[in-house]
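Fold and contact review
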2 protein chains.
Amino acid sequence: MTNSNSNYVVGVDLGGTKILAGVFDANQNCLGSVKKSTKADRGPKEVVKRIARCIMDAVDECDLSISQIKGIGIGAPGSVDPDQGVVLFAPNLKWKDFPLAEHLKKRLKVEVFLENDCNVCALGAYHGELKGEPESMVGIFLGTGIGGGIILNGKLHRGFNKTAGEIGHMVIDLNGPTCGCGRNGCFEAIAGRASIYRQIHAEVQKGRETVLTTMLGKELKGLKSGSLKKAMKRRDPLVSETLSRAAEATGIAIANLVNILNPEVVLLGGGVIEALERDLMPAILQNAELYSMPGAIDGVQIIASTLGDDAGIHGSAILARMMLDDCQAPSNNVNGNDNS
Amino acid sequence: MTNSNSNYVVGVDLGGTKILAGVFDANQNCLGSVKKSTKADRGPKEVVKRIARCIMDAVDECDLSISQIKGIGIGAPGSVDPDQGVVLFAPNLKWKDFPLAEHLKKRLKVEVFLENDCNVCALGAYHGELKGEPESMVGIFLGTGIGGGIILNGKLHRGFNKTAGEIGHMVIDLNGPTCGCGRNGCFEAIAGRASIYRQIHAEVQKGRETVLTTMLGKELKGLKSGSLKKAMKRRDPLVSETLSRAAEATGIAIANLVNILNPEVVLLGGGVIEALERDLMPAILQNAELYSMPGAIDGVQIIASTLGDDAGIHGSAILARMMLDDCQAPSNNVNGNDNS
């Protein structure tokens, strides 16, 4: 058994633009957190240094030393190999096959556990907000892109290639707009923030009027979810129509998941939901109901996450705690094939 | 322990038009089977009598008596409550809230276990064909409609309302054709047999030429999957285009499932696949690959079932065996909430 003096873990949320590190005690209370910019353009090894500094600062902020940290969990964007601790492909970071866990462990002398960022956000919301009570939960995170994390029987479902949860690239409108991934009609191509902006830009280029040009100029410089919120308050038709399509797509994506997986809870998170929850939720719920099969959606909770930006560090800390527990116990907290 | 003399189970596949009952020994060998027409128009109680007769005939055919049967598994179309043994809603049979298991048990004095027909087909294929080896499998059954069954961690995934696996009503083409369920763009509305026939009929009504009218007359009376196969052999453009869209939709549905759930195996079954496997599979595989995220589909097996019509009785027998084992053991072979 470990001395309770050192029963701390760190959760890290690694994003394309920022790094967030939080220190958690044995009761999953966040004792403090520190944010740094990622500076991905400096290359992976420099980013590792920044992550390490962010962690050291957070630990120091909590009047602890790194030797008191039992483990570090880290959620990274893109596809990852959790068993090897390798980021396989992260377009936002421009990383390919980078052994992040190994590099970070070498630097800090602490065990490092890696997962996909949406998977850790799902873990964070499931344990942090829902107290691990529902049997199953699908987390849908609407940000620049759209990702997901699936909890079944209380465990993270990772699947055969450990890539499960790619909800944003579910095709829902075969003849619809082209997605960043190159395919047509992905959920993300209609409801992701980048796609919402692209649709608005395209209409403005065509000469369509919107309060956004009054607010930000013709080029819509500095367009944010907050700008959309202001435009909605002013009942701007272009923004309203665009968000209405995004909400419809989100409702349909939820209905597809309810029809296929039939989870107990569907949890929505990410920047778009944080900023526009009130504007989007009624149409999301209406469409989810409309497109679900009779009986399938009865009693299924469709809710917005309250953790906001903190879901990632919460989930990463939970991941670290689970993996450390697994090292001591034979049972596993993560579903998936173990052919390794 | 039971005398090995009575270690038999019966698997029943209840369809809208026919009932199939098979007797299985302890090694899951089918000793014999009997088929009867359903005669659903005579009402549920008459259908129960026909199911009972079908079972008795099958048992007699195998030189056994009903007292040697330990349990009966039955797969029924539509939504069912497996715990209560009730068919909740079966449009094909015109049944609503019918306690099938209770009625059948009263008649035969044998334990009866009920499941959705696609779930038992998935169980049958998973254990019968794949020997229960893959960690996970999604079964997609293309018949008049399209249904599915999901196996995760070796167990049937039923979900919160026990309705999981409604793959046919996954929306993939939001602005596409109207489905029998009333919504637009469901997978089934493009690739189900009824939808394929409807599309062909509509084109023929518009005056489009096809070898099918030469074969069957203007009204396309007696159109079957086999007729489509013959038309494909004769390179009929209308049939070829229609099936090409169906194969594309099937590939996209598979890719969505691979992106979301990332199963080890996707197994295709049902009458459409049985009749048209060679014509459809190349385009199905091509589209599944095209619409899957990089890495997600690597090594995922996409295969056609070889069990054919027998998947249902195999799966129902396996269900019965599992449920009987469960009565003796604390572990459960079926995932899902047990709030009952």
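We now turn to the structure provided with this report.

About the cut-offs
Residues numbered from 1 in each chain as written. Chains lettered and ligands numbered in written order. Predicted model: local features only at pLDDT ≥ 70, side-chain atom pairs only at ≥ 80, totals over all residues. Heavy atoms only, no water. Helix = DSSP H or I, 4+ residues; strand = E, 2+ residues; numbered from the N terminus. Rg over C-alpha atoms; globule rule 2.2 N^0.38 Å. Areas by Shrake-Rupley, 256 points an atom, 1.4 Å probe, with all protein chains shown as cover. Pairing = 2+ DSSP bridges. Axes fitted to C-alpha atoms, helices over the stretch in contact; angles between N-to-C directions. Contact = heavy atoms within 4.5 Å. Buried area = accessible area lost by both parts, 1.4 Å probe. Salt bridge = Lys/Arg side-chain N within 4 Å of Asp/Glu carboxyl O. Polar contact = N/O pair within 3.5 Å; in protein donor to acceptor, adjacent residues only side chain to side chain. Buried < 20%, exposed > 50% of the residue type's maximum accessible area, 1.4 Å probe, protein only. Parallel < 35°, antiparallel > 145°, perpendicular 65-115°, else oblique. Left-handed = near helix turned anticlockwise from the far one by under 90°. Least-squares fit on C-alpha atoms with pLDDT ≥ 70 in both.

On a plain count of helices and strands, chain A comes out with 10 helices and 14 strands. Relative to the compact-globule value of 20 Å for 340 residues, chain A shows a C-alpha radius of gyration of 20 Å, a close match. Its C-alpha atoms put chain A at 65 × 45 × 35 Å along the principal axes. As presented, chain A carries roughly 14,000 Å² of accessible surface, and 47% of it is formed by carbon and sulfur atoms.

Here we take up the sheet that holds strand β7 (residues 95-98) of chain A. All names here are of chain A. One open sheet holds the 3 strands; their spatial order is β5-β6-β7, and the pairing between them is antiparallel. Edge positions in the sheet fall to β5 (79-81) and β7, since each of these pairs with one other strand and no more. Going across the sheet, the axis of each strand differs from the next one's by a mean of 20°, ignoring polarity. With 3 bridges connecting them, β5 and strand β6 (residues 86-90) associate as antiparallel partners. Opposite Val-80, over in β6, you have Val-87 as the bridge partner.

Quick look at the interface of chain A and chain B now. Between chain A and chain B, the contact holds 47 residues from the first and 47 residues from the second. In total, about 3,900 Å² of surface goes out of reach between chain A and chain B, with carbon and sulfur atoms giving 55% of it. Inspection of the region where chain A meets chain B yields 0 salt bridges. Taken together, the links from chain A to chain B amount to 35 residue pairs in polar contact (both at pLDDT 80 or more). Elements represented by at least two residues in the side of chain A that touches chain B include exactly β10 (146-152), α8 (237-260) and α9 (271-291) of chain A. For the side of chain A that touches chain B, the element with the highest residue contribution is α8(A), accounting for 6 residues.

Turning next to the pattern of salt bridges. If the charged atoms of two oppositely charged side chains come close together, the side chains can form a pair. Scanning the model with the defined rule gives 22 salt bridges over all chains in all. Of the charged contacts, one joins B:Lys36 and B:Asp57 as a salt bridge, the two residues approaching to 3.0 Å between their closest N and O atoms. Of this pair, B:Lys36 sits in strand β3 (residues 30-37) while B:Asp57 sits in helix α1 (residues 44-61), and the two are 21 residues apart along the sequence. By relative accessible area, which is 18% here, B:Lys36 ends up buried. A single salt-bridge network, built from bridges that share partners, covers A:Asp83, A:Glu115, A:Arg158 and A:Lys162.

Residues and elements named next belong to chain A. As a packed pair, helix α1 (residues 44-61) and helix α2 (residues 100-108) sit with axes 10 Å apart at the nearest point and diverge in direction by 50°. Of the possible angle classes, the one that applies to α1 and α2 is oblique. Between α1 and α2 the crossing geometry is right-handed. The residues of α2 that touch α1, namely those facing Lys-45, Val-48, Lys-49, Ile-51, Ala-52, Ile-55 and Met-56, are Leu-100, His-103, Leu-104, Arg-107 and Leu-108.

All right, on to the relation of the copies chain A and chain B then. Laying chain A over chain B is done by rotating through 180° and shifting 0.0 Å along the axis; what remains is an RMSD of 0.0 Å. Here the two chains are linked by the operation of a two-fold rotation axis.

Right, let's get into the pairing of strand β8 (residues 111-116) of chain B. All names here are of chain B. Among the 6 residues of β8, 5 are classified as buried, and the element is accordingly described as predominantly covered. One ladder, built from 6 bridges, connects strand β4 (residues 69-76) with β8; its direction is parallel. By the bridge assignment, Ile-74 is partnered in β8 with Leu-114.

Residue and element names in this part refer to chain B. Pairing is antiparallel in the open sheet, where 3 strands are placed in the order β5-β6-β7. The open sheet terminates on both sides in strands that have one partner only, identified here as β5 (79-81) and β7 (95-98). Direction aside, neighbouring strands of the sheet carry axes that sit 20° apart on average. Relative to β7, strand β6 (residues 86-90) is paired through 3 bridges, and the arrangement is antiparallel. Within the sheet, the bridge partner assigned to Ala-90 lies in β7 and is Trp-95.

Residue and element names in this part refer to chain A. Counting buried residues along strand β1 (residues 8-14), 7 of its 7 residues qualify, which places the element largely inside the surrounding structure. The two faces of β1 match: Tyr-8, Val-10, Val-12 and Leu-14 on one face and Val-9, Gly-11 and Asp-13 on the other face are all buried. Both β1 and strand β4 (residues 69-76) contribute to a ladder of 6 bridges, which runs parallel. Bridge pairing in β4 links Val-10 to Ile-72. The pairing of β1 with strand β2 (residues 18-24) spans 6 bridges and is classified as antiparallel. Within β2, the position partnered with Val-12 by the bridge is Ala-21. Counting the residues that bridge the hairpin from β1 to β2 gives 3 residues.

This brings us to the side chain of B:Thr242. Here B:Thr242 shows up in helix α8 (residues 237-260). Apart from the residues within four sequence positions on either side, B:Thr242 is in contact with B:Ile196, B:Gln199 and B:Ile200.

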